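In case you want the letters, here they are:
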Amino acid sequence: MPRNQTYRAGGSIEDYCRACKTDRIHTVVVGDGEGRPVRVACDYCRSEHNYRGGPRMAGFGAPPAATAGPRARRAAAEPFPIVSDRERSAPAMTATSDDLELLLRRIIREEAGITPAVPAEKWRGGTLVLRPGAEGQQEKSWPIETFFHKIVMVRNRLRTLEQHVNASGLEDDVKVKLQSYVSGCYGSLTSFNVLFADAADQFKGSGGEDKDK
């Protein structure tokens, strides 16, 4: 971590993930008063752990992590990352051949409905707070970016489930029944459409309409 760079909850930083057994992009969950990350969550497997000091694995042909320069900050309009470049498990192919690994990863994500989504600008850096109705109880808060990521994952998995139902060999009446459950889930989640910058990324209820409008 560069000494002159500070981090706050919701920011991105690279760290070693023991669950994935490799370096991943993480979301800062908790930072201290001096802008140092204390606790982070892996953007790939969503496991949460104390910050371990940054990446440990050098990329193929790349200098060690300790000497690597700081990673460029995301542009404001970019979606949150799904995967990091360090997922690669083999050296990159030559310039004269197709990079099959990255191509296959992209195809698998597209076929599975795992697509990135851009959050509305006004929510960036914000905090989601649950405040108990009873006095004296401690409130709970999360970075909105962390909550947004979970909402997007629910949306992607519902889309994948819908695709599997439509492609299955089930009887038509069973498909219609399962599809109605999926549509009901979409309708129940339309309250979170305010988090999305693009209407095409939002949840749609029965008939393709946003029930909150």
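Everything below is about the structure shown above.
The structure contained in this document is the topic of the report that follows. Given the structure is predicted, the values throughout are model-derived calculations rather than measurements.

In terms of nonpolar packing, the biggest core is built from 12 residues, these being Ala 117, Ile 144, Phe 148, Ile 151, Val 152, Leu 158, Val 182, Tyr 186, Leu 189, Leu 195, Phe 196 and Phe 203. Secondary structure elements with two or more residues in this core: helix H2 (144-167) and helix H3 (172-188). In this structure, Leu 158 is in contact with Val 182, Cys 185, Tyr 186 and Leu 189, ignoring residues within four places of it in sequence. Core analysis: the second largest hydrophobic core is formed by five residues, Tyr 7, Ile 13, Val 40 and Tyr 51 among them.

We now examine the sheet that holds strand S4 (residues 48-50). In spatial order, the strands read S1-S2-S3-S4; together these four strands make up an open sheet with antiparallel pairing. Looking along the sheet, the strands with just one partner apiece sit at the ends: strand S1 (12-17) and S4. Adjacent strand axes in the sheet meet at a mean angle of 45 degrees when their direction is disregarded. Bridge count for strand S3 (residues 37-42) against S4 is three bridges, and the pairing is antiparallel. Paired with Arg 39 across the strands is Asn 50, a residue of S4.

Procedures and definitions
- Residues numbered from 1 in each chain as written.
- Predicted model: local features only at pLDDT ≥ 70, side-chain atom pairs only at ≥ 80, totals over all residues.
- Heavy atoms only, no water.
- Core = buried A, V, L, I, M, F, W, Y, C linked by side-chain atoms within 4.5 Å.
- Buried < 20%, exposed > 50% of the residue type's maximum accessible area, 1.4 Å probe, protein only.
- Helix = DSSP H or I, 4+ residues; strand = E, 2+ residues; numbered from the N terminus.
- Contact = heavy atoms within 4.5 Å.
- Pairing = 2+ DSSP bridges.
- Axes fitted to C-alpha atoms, helices over the stretch in contact; angles between N-to-C directions.

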